[in-house]
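# Results of the structural survey
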Amino acid sequence: MSSASRSVRAIAVCGAAVLAMAGCSSDTGAGGAQSSDTYTWWDPYPQHKKSSEWAERVAKCGDKAGVTIKRTAYDTTALTNQALLAAQEGTSPDLMLLDNPAVSTLADTGMLTTMKEFGLGTSGIDKNLLAAGVVDGKKYGIPVGANTLALYYNKDVLDAAGVDPASVKDWDSLTAALKKVTGAGKKGITFAGIGTEEGSFQFLPWFWGAGADLHDLDSPEAADALRLWTDWRKRGYAPESVINNSQNTTWEEFLTGKFAFAVNGTWQVDSAAKAKFDTGVLQIPGKEGGVAPTPTGGEFITAPVQKDTGRYDVTKKIVKCMTTPEGMVETAKTFAYYIPPTKATQDQLLKEKPRLKPWVKAVRTAKGRTSDNLGTDYPKISEPLWTAVQKALSKSKSPEDALKEAQSTAKDKVG
């Protein structure tokens, strides 16, 4: 593909991003002209400053490759917008860490090299994690780690209600546990049903756990999943606040010590360890038992297309440095809540941090939101889905009617 056609596609996607997000920034200072001894790196970790372990690790990989890395950090949405604009202006960085759903969006513009083009293998990466970066069979990056969702529980609340967490094996047994807990005067379960991507993210384990498919939002299986949430609300097993809850506010509710369960992510591991009550973790059960697939969070390391292809040799060295088995484990330890993307590195991490065992299990059965070759169609499906969840939880529509409307809207958007 020519650089001109890449630019046209980037402009088109950037225009769409203006409508879908806050708009494409006009600040391109972080891209800039590239020198032979300085390589540019963008990531979505503004919380990790220049003196952080993460920043030092990135710099060391530059040192090993014989260059200086100029690192710039944006929040996740701003990074995607800035990347689209940089592709348009020919100022893309040498390397970018992207939130996994954004990989297909940027790959669709033609601004990312495939790993095959770049000469990097991905055979050792867990297929379920790699899938978020695959578009039309082509791999556009390497996951540096993943996180996902599970059920945190308050052992003190469950003990007082006579509930053994090991008894929770499917939806019926979970609902029975909630009935016991609320009957004992405590609160049941809290989750994030907010009308944003967080709402879809939290609903997907139940949606997939019922056997539903994102291509068919109004299936009987999808209705079963949404009815589960609305029935919990109706019976008082879940609070009214779930309609507006973000994942952060959900966690704040759980930390009050009044709730038996909370749906939340790997990133709360340290907070849970510091809670004023004993906590544990269960994988989210499927409707009929087993483990429900949960959506993956986490970033991919990607290599944007450069006019000067002579830069790729050094870029490849930096990518290799960041994705060695030792490097992947180091990333997981640096962020505390990341699970590495290969079985060998997961096993190595567990030797050092055995309390992450339930999270390793959860990540091994997790699923990318853009998997099933949804790619750039996923956002067009996700918004109608979270809208249906909102309408059903607020009782403005039945689960069946809300999902029927969502399917119609998604079909119109996807075409």
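Before reading further, recall that the structure is shown in the block above.
This one's a predicted model, so the numbers in the text were calculated from it and none came from an experiment.

### Some details on helix α10 (residues 220-235)
Taking 1.5 Å as the rise per residue, α10 with 16 residues should run 22 Å; its terminal C-alpha atoms sit 22 Å apart, in good agreement. Taken residue by residue, α10 has Ala222, Ala223, Ala225, Leu226, Leu228, Trp229, Thr230, Trp232 and Arg233 as its buried positions. Contacts made by the buried residues of α10 are with α8 (171-183), β8 (187-190), α9 (197-209), α17 (378-393) and α18 (399-414). Backbone geometry just downstream of α10 places Gly236 in the positive-phi region, at approximately 80°.

### Looking at the state of the cysteines
What the rule picks out here adds up to one disulfide. Disulfide partner of Cys61: Cys321, at an S-S distance of 2.1 Å. Between Cys61 and Cys321, the S-S dihedral sits near -75°, and the bridge is therefore left-handed. Residue Cys61 is found in helix α2 (residues 53-65), and its partner Cys321 is found in helix α13 (residues 312-322); the two are separated by 260 residues along the sequence. Residue classification places Cys321 among the buried positions, given a relative accessible area of 15%.

### Topic: the packing of α8 against α10
One can describe the packing of α8 onto α10 by two numbers: an axis separation of 12 Å at closest approach and a directional angle of 10°. In terms of orientation, α8 and α10 fall into the roughly parallel class. Judged by residue contacts, Trp171, Leu174, Thr175 and Leu178 of α8 engage Asp224, Ala225, Leu228, Trp232 and Arg235 from α10. Classifying every residue of the contact of α8 with α10 gives six nonpolar, one polar and two charged.

### Points about the sheet that holds strand β6 (residues 142-143)
Pairing is mixed in the open sheet, where five strands are placed in the order β2-β1-β3-β11-β6. With one partner strand each, in any of the chains shown, β2 (68-73) and β6 form the two edges of the open sheet. Across the sheet, helix α3 (residues 76-89) lies against β1 (38-43) and β3 (95-99), angled at about 135° from β1, the strand it touches most. Most of the contacts of helix α4 (residues 100-108) go to β3, to which it runs at about 120°, and overall it touches β3 and β11 (299-302).

### Comments concerning the side chain of Thr342
Secondary-structure assignment places Thr342 in the loop between α14 (325-335) and α15 (343-352). The buried category is assigned to Thr342, whose relative accessible area is 11%.

### Observations concerning the environment of Asn245
Structurally, the position occupied by Asn245 is in the loop between α10 and α11 (247-254). Considered as a pair, Asn245 and Gly195 are 50 residues apart in the sequence and their alpha carbons are 9.0 Å apart.

### Description of the pattern of salt bridges
Counted by the stated rule, this structure contains 17 salt bridges. Asp270 is the partner of Arg355 in a salt bridge, and the nearest nitrogen-oxygen pair spans 2.9 Å. With a gap of 85 residues between them, Arg355 in the loop between α15 and α16 (357-364) and Asp270 in helix α12 (residues 269-273) connect regions that are remote in the sequence. Look at Asp270 and you get partly exposed, because its relative accessible area is 33%. Between Lys367 and Asp372 there is a salt bridge; the shortest N-O distance is 3.0 Å. Under the relative-accessibility criterion, Asp372 is labelled partly exposed at 42%. Each of Asp224, Arg227, Lys287 and Glu400 takes part in one network of salt bridges that share partners.

### Quick word on the nonpolar core
Ranked by size, the top nonpolar core spans 68 residues in total, and within it Trp41, Leu112, Ile301 and Ile318 carry the most contacts. If one sorts the elements of this core by residue count, α13 sits on top with six residues. Ignoring anything within four residues of it in the chain, the contact list for Leu112 reads Met96, Leu98, Val103, Leu106, Ala107, Tyr140, Thr302, Ala303, Pro304 and Val305. In this structure, Ala161, Trp232, Ile381 and Ala402 belong to the second largest nonpolar core, which totals 54 residues.

### Here we look at the packing of α2 against α13
Where α2 meets α13, the axes come as close as 9 Å, and the angle between the chain directions of the two elements is 135°. Relative to α13, the element α2 is oriented oblique. The interaxial crossing formed by α2 with α13 has right-handed handedness. Listed contacts from α13 to Trp54, Arg57, Val58, Cys61, Lys64 and Ala65 of α2 are Val314, Lys317, Ile318, Cys321 and Met322.

Rules behind the numbers
- Residues numbered from 1 in each chain as written.
- Predicted model: local features only at pLDDT ≥ 70, side-chain atom pairs only at ≥ 80, totals over all residues.
- Heavy atoms only, no water.
- Helix = DSSP H or I, 4+ residues; strand = E, 2+ residues; numbered from the N terminus.
- Expected span 1.5 Å × (residues − 1).
- Buried < 20%, exposed > 50% of the residue type's maximum accessible area, 1.4 Å probe, protein only.
- Contact = heavy atoms within 4.5 Å.
- Disulfide = S-S within 2.5 Å.
- Axes fitted to C-alpha atoms, helices over the stretch in contact; angles between N-to-C directions.
- Parallel < 35°, antiparallel > 145°, perpendicular 65-115°, else oblique.
- Nonpolar A, V, L, I, M, F, W, Y, C, P; charged D, E, K, R; others polar.
- Pairing = 2+ DSSP bridges.
- Salt bridge = Lys/Arg side-chain N within 4 Å of Asp/Glu carboxyl O.
- Core = buried A, V, L, I, M, F, W, Y, C linked by side-chain atoms within 4.5 Å.
- Left-handed = near helix turned anticlockwise from the far one by under 90°.

From the geometry alone we can't say anything about function, so treat these as descriptive.
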